[in-house]
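Each chain, written out:
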Amino acid sequence: QWYDPDKVNQKAGELYGRAYEEATERKYTDALKHLNEALAIEPKFVDVFLSRAGIYADMKNYAASVADFETALQMDPVYSKTYLLPYSISLAGIGKFQPALDAVNEFLSNPTLNPQSIKAGNYRRSTYVFAVEYEKKHPVKDYVFAPQNSGDSINSPALEYFPSLTIDGSKMIFTRRVNNDEDFYESNFINGKWSNAKPLEGKVNTTLNEAALNISQDGQLLVFTGCNYPEGEGSCDLYFSVRTNKGWSEPQNLGPVVNTDLWESSPSLSPDKRDLYFSSSRAGGFGGTDIWVTHRLASGKWSVPENLGEAVNTSGNEGCPFMHADNQTLYFNSNGHTGYGMSDFFFSKKINDSSWMMAENLGYPINTIDDEGSLIVAADARTAYYASDKGDSKGGIDIYSFQLREDIRPLKTLWVKGKVFDKKTKAGLPSAVELTDVKTRNLVSRIQTDEEGNYLATLPVGKEYAFNVNRKGYLFYSDNFSVLENKMDSVFTVDIPLQPIEAGATIVLRNIFFDTKKFDLKPESTGELDKLVMLLNENPKLKIQIDGHTDNVGQDKDNLLLSNNRAKAVVGYLLNKGINPQRLSYKGFGAGKPMADNATEKGKSLNRRTELSVVSN
């Protein structure tokens, strides 16, 4: 060691002392000015480089911090070695995790360290080991992390955070904090640009604080956190507001089943509005704040919340859950799972209604050694939005977008929307809309239309869906959507005329399947057949005929026989389920009643069908 702090120039020492006091008061600009003046007098003032490195680290300017630490370590490695721990942290701040690990290992090799320094060093060492291993498992050579500021239309000199999008990406709702007052603003995506953000119309914004919101995929329901409301159950509760012709309705508390006298926040609705995920410090969790889910009951009320379990929650804090439009992938933040230090972004995928895959870290550079807040992902499964004070902020925290790495993406999600109405009167019909995975026969979503019959249902890519609409007194509607390819971008609009149950009414059963030239019912047909059983059980006087149809490929007599046997197979299933045979009949028509031109494959596909006709009711 050559450096002796007692031998530095007196004037430089005085400037250094002044800078030290300013730094402790977080007056960083003044402190840096006086440190630079001291360095001009005493160019080899090692303590100035070390102190300036610490200030830069506090300002999250890790590159400048590393440069100053390395200058000091080069000048006098013996004197500067006690700073190897903060040096390692700044190295990790710029993503140099192996050098950070080397530095902290050297720091921990010092036999004179006190227990507190050893504990701090070991903690940082564990985060660097995680980071190095993560890089090996998830190479990011081809991935470019380049967050884009959402621009002046959304961001301002105030703070913007907690963005939320409708499924078509046409509307963003977010929180803006001005003079410690939090309110909701909206911006619309028009002709490739975000419009100037305006406060939400209606009664949802109050003189109290509203934050941490989530808008439903169809843009009709808002769930959010309201703190210190007079009627609240605790410090922060969950509220909802409904879009009306006059703007957003007055907030309604979700009630004492969901809210407690503790803390509930950061809600996220599933795309079908049946599940509500949120963070809470309520009793019965794993410690700190956990992520819980409550389910909407048939009565419209919410169920007693359930903890998502140890795959998601830890003894630390989990928060800011976001359920993607695929209704399967949940993003959240946590300081309890292993990560880069402080809180990181994680994701977990739903296995079934009660279990989840072990949470996975989103990795560097999305996660850093600093705190990460909330993150959402658009329906395209590529574009993510988050709030950050890094980069070219317009003032404090801004909303940014970036492209997700491929291995941490959810399922790209399309959607189908339309209106359910009475075929005869054309009046809109409130109805239940169900999507079922044809292969697994699992219910993907069950959506209730609004009072006018409007609906929006999400279609995660990679599956084939049975699509059914049900209403008492009507024949159910049957359709099928095959969205097996990720490159698909179709958005389906399907207006659905429901037919009152009366003689002569017919529907096509689009989810009854047979192999080519065979009449054995495929297992994927079970869901539709069971709906048919339910229809008959709910309408005990209903008599039906099942009609079989083919395309024009092959001999007429063969097609007639095949269509007859297929219709017979459906009736056989119904008989096995206990339906009275006097209520059932069947007939095959072969290719005799086409509903489309057999000249195209699509036409042939439409002609190969099974129909239900009402004989009497």
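Please refer to the structure placed before this passage.
Residues numbered from 1 in each chain as written. Predicted model: local features only at pLDDT ≥ 70, side-chain atom pairs only at ≥ 80, totals over all residues. Heavy atoms only, no water.

Colleague: I tried to follow the overall build of the protein on my own but got confused; where do I start?
Modeller: Counting its regular elements, the protein contains eleven helices and 35 strands. The dimensions of the protein, computed from C-alpha atoms along their principal axes, are 110 × 50 × 50 Å. Accessible surface, the protein: about 29100 Å² in total, of which carbon and sulfur atoms supply 50%. Of the side-chain charges in the protein, 68 are positive and 79 negative, and the distance between the mean point of each set is 9 Å. (Helix = DSSP H or I, 4+ residues; strand = E, 2+ residues; numbered from the N terminus. Areas by Shrake-Rupley, 256 points an atom, 1.4 Å probe, with all protein chains shown as cover. Lys, Arg positive; Asp, Glu negative; His and termini not counted. Charge placed at Lys NZ, Arg CZ, Asp CG, Glu CD.)

Colleague: Which parts of the structure should I look at to understand the state of the cysteines?
Modeller: Under the criterion given, the structure shown has one disulfide. Each sulfur in the disulfide pair Cys227 and Cys236 lies 2.0 Å from the other. With the S-S dihedral at roughly 100°, the linkage between Cys227 and Cys236 falls on the right-handed side. Counting only cysteine sulfurs, Cys236 is the nearest neighbor of Cys320, a cysteine outside any disulfide, at a range of 12 Å. What makes Cys320 buried here is its relative accessible area of 17%. (Disulfide = S-S within 2.5 Å. Buried < 20%, exposed > 50% of the residue type's maximum accessible area, 1.4 Å probe, protein only.)

Colleague: What am I meant to see in the side chain of Ser279 here?
Modeller: Along the chain, Ser279 turns up in strand β13 (residues 275–280). On the basis of relative accessibility, which here comes to 0%, the residue Ser279 falls in the buried class. Looking at Ser279, its side chain comes within polar contact range of the main-chain oxygen of Glu318, at 2.9 Å. Beyond its immediate stretch of four places on either side in the chain, Ser279 contacts Trp263, Glu264, Ser265, Ser266, Thr289, Asp290, Ile291, Glu318, Gly319, Cys320 and Pro321. (Polar contact = N/O pair within 3.5 Å; in protein donor to acceptor, adjacent residues only side chain to side chain. Contact = heavy atoms within 4.5 Å.)

Colleague: It is not clear to me how the sheet that holds strand β26 (residues 443–448) should be interpreted in this structure. Could you clarify?
Modeller: Backbone hydrogen bonds are what pair the strands of a sheet, in a parallel or an antiparallel way. Here four strands make up an open sheet; going across it, the order is β26-β25-β28-β29 and the pairing antiparallel. Two strands in the sheet have a free side with no partner beyond their single neighbour: β26 and β29 (477–483). With strand direction ignored, the average angle separating the axes of adjacent strands in the sheet is 20°. Pairing of strand β25 (residues 432–437) with strand β28 (residues 463–470) involves six bridges; the strand directions are antiparallel. Within β28, the position partnered with Thr436 by the bridge is Ala466. (Pairing = 2+ DSSP bridges. Axes fitted to C-alpha atoms, helices over the stretch in contact; angles between N-to-C directions.)

Colleague: I tried to follow the packing of aromatic side chains on my own but got confused; where do I start?
Modeller: Between two aromatic rings, the relevant description is the distance of the centres plus the angle of the planes. Applying the stated criterion to the full structure yields 26 aromatic pairs. Pairing Phe184 with Phe224 gives two aromatic rings, centres 5.3 Å apart and planes at 80°, and the pair type is edge-to-face. Here the residue Phe184 occupies a position in strand β4 (residues 181–190), and Phe224 occupies one in strand β8 (residues 221–227), the gap between them amounting to 40 residues. Neither residue differs from the other here; Phe184 and Phe224 are each classed as buried. Taking 6.0 Å as the distance between ring centres and 85° as the angle between the ring planes, the aromatic pair formed by Tyr277 and Trp356 counts as edge-to-face. In this pair, Tyr277 is assigned in strand β13 and Trp356 in strand β19 (residues 355–356), connecting sequence segments 79 residues apart. Its relative accessible area of 2% is what places Tyr277 among the buried residues. (Phe/Tyr/Trp six-rings, centres within 6.5 Å; stacked < 30°, edge-to-face > 60°.)

Colleague: It is not clear to me how the packing of helix α3 (residues 46–58) against helix α4 (residues 62–75) should be interpreted in this structure. Could you clarify?
Modeller: Each pair of packed helices can be summarised by the angle the axes make with each other and by the distance between the axes. Two numbers describe how α3 lies on α4: the axes approach to 8 Å, and their chain directions differ by 160°. Classified by the interaxial angle, the pair formed by α3 and α4 is roughly antiparallel. For the crossing formed where α3 meets α4, the hand is left-handed. Residue-level inspection shows Val46, Phe49, Leu50, Arg52, Ala53, Gly54, Tyr56 and Ala57 of α3 in contact with α4, the latter providing Tyr62, Ala64, Ser65, Asp68, Phe69, Thr71, Ala72 and Met75. For the contact of α3 with α4, the class distribution of residues is eleven nonpolar, three polar and two charged. (Parallel < 35°, antiparallel > 145°, perpendicular 65-115°, else oblique. Left-handed = near helix turned anticlockwise from the far one by under 90°. Nonpolar A, V, L, I, M, F, W, Y, C, P; charged D, E, K, R; others polar.)

Colleague: Would you take a moment to explain the nonpolar core for this structure?
Modeller: Counting residues in each nonpolar core, the largest one holds 72 residues, and the members touching the most others are Phe45, Ile366 and Leu375. It is α3 that contributes the most residues to this core, eight residues altogether. In contact with Leu375, not counting residues within four places along its chain, are Phe322, Tyr331, Phe345, Leu362, Ile366, Ala384, Tyr385, Tyr386 and Phe402. If you look at the next biggest cluster of nonpolar residues, it comprises 25 residues, including Ile501, Leu532, Ile546 and Tyr573. (Core = buried A, V, L, I, M, F, W, Y, C linked by side-chain atoms within 4.5 Å.)

Colleague: Help me understand the sheet that holds strand β33 (residues 543–549), please; the structure alone is not making it clear to me.
Modeller: With mixed pairing, the four strands of this open sheet are ordered in space as β32-β35-β33-β34. In the strand order of this sheet, the two ends are held by β32 (506–508) and β34 (584–588), each with one partner. Along the sheet, successive strands turn relative to each other by an average axial angle of 20°, direction set aside. Against the sheet, helix α9 (residues 526–538) makes contact with β33, β34 and β35 (609–616), and its axis sits at roughly 155° relative to β33, the strand it touches most.

Colleague: Hey, could you run me through the side chain of His138 in this one?
Modeller: Structurally, His138 can be placed in the loop between α8 (115–137) and β1 (148–149). When its relative accessible area of 19% is taken as the criterion, His138 is described as buried. Those residues within four positions of His138 in sequence are excluded, and the remaining contacts are Arg405 and Asp407.

Colleague: When you look at the environment of Phe345 in this model, what are you seeing that I'm missing?
Modeller: Its place among the elements puts Phe345 in strand β18 (residues 344–352). Phe345 gets classed as buried once you look at its relative accessible area, which sits at 2%. In this structure, the C-alpha to C-alpha distance between Phe345 and Leu108, residues 237 residues apart in sequence, is 29 Å. Residues within four places of Phe345 in sequence aside, it is in contact with Phe332, Asn333, Glu360, Asn361, Leu362, Ile366, Asn367, Glu372, Gly373, Ser374, Leu375 and Tyr386.

Colleague: What is the right way to read helix α2 (residues 28–41) from this model?
Modeller: Spacing of three or four residues puts side chains on the same side of an α-helix, whose turn is 3.6 residues. Here α2 contains 14 residues, and its C-alpha end-to-end distance of 20 Å stays within 8% of the 20 Å for a straight helix at 1.5 Å per residue. Every buried residue of α2 is listed here: Tyr28, Ala31, Leu32, His34, Leu35, Ala38 and Leu39. Residues of α2 that are buried make contact with α1 (10–24) and α3. (Expected span 1.5 Å × (residues − 1).)

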